[in-house]
Amino acid sequence: MDLSALADFVTVARHGGFGRAARATGRPKATLSRRVAELEASLGLRLFERGARMLRLTEEGRALYERAGALLTELDETAAAIASGGDRPRGRLRISAPLLFSQTAMGKLAAGFAMKYPEVRLEITTEDRAVDMVEEGYDLVIRVNPDPDESLVGRIFLRDGLVIVASPSVARPAEGAVIPVVVRGSPDQARTWRMTTPTGRSDILIDPVLCLSSLTTVRDAVRMGIGAARLPVSLVSHDLAAGTLVRWGDVDGPETQLWALYPSRRLLSARVSAFLDYLKVAFPKGTAEELAAYVAK
């Protein structure tokens with residue numbers, strides 16, 4: 001297989017079209033089109049579906065792009081490491097992280113990592129959706145309780161739990177009483193929350209009186225005494241210690257897990273490996289209390 005033609009194919013796939021790839025690389029559009037056509041002919045496969053205004057990878061093209069893109073990146077990084085006489089991290093590192101973790105910890109993490117590895121150009125985007133790493137060009141994603149994905153591997157680096165909290169001015173729920181609550185996003189159909197306390201489990205009746213877009217704003221509202229909320233331990237541990245919030249009980253359900261995920265391949269880039277190691281150093285135990293302490297530093 002012609003590696004240069006394969007590299008041209010990966011470039012076109014990454015930029016989403018021949019014109020965009022030509023503008024990004026400074027190479028003629030006709031040359032890229034010819035090279036991809038030659039690669040398709042040598043493989044006996046159609047790699048792109050070509051429309052009047054769009055270019056879309058076929059199933060076979062997507063499979064080749066996912067594998068070839070990673071391999072070519074590794075080859076480039078290996079060549080650069082050999083040329084520089086070492087394997088220290090360098091180049092661009094793109095990361096997608098969820099909103100709450102970005103708001104509380106990612107700024108400090110990113111700054112510390114950038115100071116330790118000045119030759120890495122760190123780019124972090126904040127969003128709660130599950131981005132497509134290959135299509136959108138991410139090297140690493142941080143996700144909360146991700147669904148299984150055969151194309152990704154990774155590790156848990158933090159565990160958290162949810163607790164029901166309120167201001168000391170809000171009375172604890174009596175049996176059968178309806179409690180005003182603050183929720184993130186739109187209220188669902190549930191009208192009860194299940195709570196676990198040292199004395200057992202109980203259901204409390206809820207009335208969502210306020211809907212907000214982030215957990216930090218939910219916490220701030222609850223501090224004012226408008227009602228109760230379900231919030232991560234890491235976000236409220238200092239309020240609980242200071243007495244500005246009180247803990248009614250634990251939310252009955254699975255723990256919250258933060259995963260660092262990356263494309264499944266044998267060799268990780270030095271940049272991704274360095275960031276994974278940095279997470280491990282920052283959160284050696286991976287507990288909610290550790291995250292709260294890190295944020296408070």
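Residues numbered from 1 in each chain as written. Predicted model: local features only at pLDDT ≥ 70, side-chain atom pairs only at ≥ 80, totals over all residues. Heavy atoms only, no water.

**Q** With reference to specific residues and values, describe the overall build of the protein.
**A** In terms of regular secondary structure, the protein is built from 10 helices and 13 strands. Here the C-alpha atoms of the protein give a radius of gyration of 24 Å, more than 25% beyond the 19 Å that 2.2 N^0.38 yields for 297 residues. About 16,200 Å² of surface is accessible on the protein, with carbon and sulfur atoms providing 53% of the total. Charged side chains in the protein number 39 positive and 36 negative. The centres of these two groups are separated by 4 Å. (Helix = DSSP H or I, 4+ residues; strand = E, 2+ residues; numbered from the N terminus. Rg over C-alpha atoms; globule rule 2.2 N^0.38 Å. Areas by Shrake-Rupley, 256 points an atom, 1.4 Å probe, with all protein chains shown as cover. Lys, Arg positive; Asp, Glu negative; His and termini not counted. Charge placed at Lys NZ, Arg CZ, Asp CG, Glu CD.)

**Q** Help me get a handle on the sheet that holds strand S10 (residues 200-212), residues and values and all.
**A** Adjacent strands of a sheet form backbone hydrogen bonds with each other and so pair up, either parallel or antiparallel. What the six strands build is an open sheet, ordered S8-S10-S9-S12-S7-S11; its pairing is mixed. Either end of the sheet is taken by a strand with one partner, and the two such strands are strand S8 (178-184) and strand S11 (229-232). Between one strand and the next, the sheet's axes are offset by a mean angle of 55°, whatever the strand orientation. The pairing of strand S9 (residues 192-197) with S10 spans six bridges and is antiparallel. Pairing of Thr 197 across the sheet is with Gly 200, part of S10. (Pairing = 2+ DSSP bridges. Axes fitted to C-alpha atoms, helices over the stretch in contact; angles between N-to-C directions.)

**Q** Residue-level account of the packing of helix H5 (residues 99-116) against helix H10 (residues 288-296), with values.
**A** Relative to each other, H5 and H10 sit at 60°, their axes nearing to 9 Å. Once H5 is placed against H10, the crossing between them reads as left-handed. Along the contact surface, H5 presents Phe 101, Thr 104, Ala 105, Lys 108 and Leu 109, while H10 presents Leu 291, Tyr 294 and Val 295. A breakdown of the residues in the contact of H5 with H10 according to their chemical character gives six nonpolar, one polar and one charged. (Left-handed = near helix turned anticlockwise from the far one by under 90°. Contact = heavy atoms within 4.5 Å. Nonpolar A, V, L, I, M, F, W, Y, C, P; charged D, E, K, R; others polar.)

**Q** Give me the environment of Thr 244: which residues, what numbers.
**A** With respect to the secondary-structure elements, Thr 244 resides in the loop between helix H8 (233-242) and strand S12 (246-251). The class of Thr 244 is partly exposed, set by a relative accessible area of 38%. Separated by 205 residues in the primary sequence, Thr 244 and Leu 39 place their C-alpha atoms 65 Å from one another. Not counting residues within four places of it along the chain, the set of residues in contact with Thr 244 comprises Ser 167, Pro 168 and Asp 239. (Buried < 20%, exposed > 50% of the residue type's maximum accessible area, 1.4 Å probe, protein only.)

**Q** Describe the packing of aromatic side chains, with residues and values.
**A** With the rule as written, the count across this model stands at nine aromatic pairs. Seen in terms of ring centroids, Phe 113 and Tyr 278 are 5.7 Å apart; in terms of plane orientation they differ by 80°. Their pairing is edge-to-face. You can see Phe 113 sitting in helix H5 and its partner Tyr 278 sitting in helix H9 (residues 270-282), a full 165 residues away along the chain. Residues Phe 113 and Tyr 278 agree in their burial class; the two are buried. (Phe/Tyr/Trp six-rings, centres within 6.5 Å; stacked < 30°, edge-to-face > 60°.)

**Q** Run through helix H2 (residues 18-25), naming residues and quoting values.
**A** Count 3.6 residues to each turn of an α-helix, and residues three or four apart come out pointing the same way. Taken together, the buried positions of H2 are occupied by Phe 18, Gly 19, Ala 21 and Ala 22. All buried residues of H2 fall inside an arc of 165° around its axis, so they share one side. Exposed residues lying more than 90 degrees from the buried face of H2 are Arg 20 and Arg 23. In the core, the buried residues of H2 are packed alongside helix H1 (3-15), helix H3 (29-43), strand S1 (48-50) and strand S2 (55-57). Taken from the residues just after H2, Gly 26 is the one with a positive phi, measuring 80°. (Arc of directions from axis to C-beta.)

**Q** Pulling in residues and values, what's your account of the sheet that holds strand S13 (residues 256-263)?
**A** Judged by pairing direction, the sheet is mixed, and its five strands sit side by side in the order S4-S3-S5-S13-S6 without closing on themselves. In the strand order of this sheet, the two ends are held by strand S4 (120-126) and strand S6 (152-160), each with one partner. On average, each strand axis in the sheet is inclined to that of its neighbour by 20°, with strand direction left out of account. Where strand S3 (residues 91-97) lies against S4, seven bridges are found, and the strand directions are parallel.

**Q** Please provide a residue-by-residue account of the pairing of strand S7 (residues 162-166), values included.
**A** Where burial is concerned, most of S7 is hidden: four out of the five residues are buried. Looking at chain direction, S7 and S11 are connected through four bridges and run antiparallel. Directly across from Leu 162, in S11, lies its bridge partner Pro 232. Across four bridges, S7 lies against S12 in antiparallel orientation. Residue pairing for S12: Ala 166 is matched across the bridge by Val 246.

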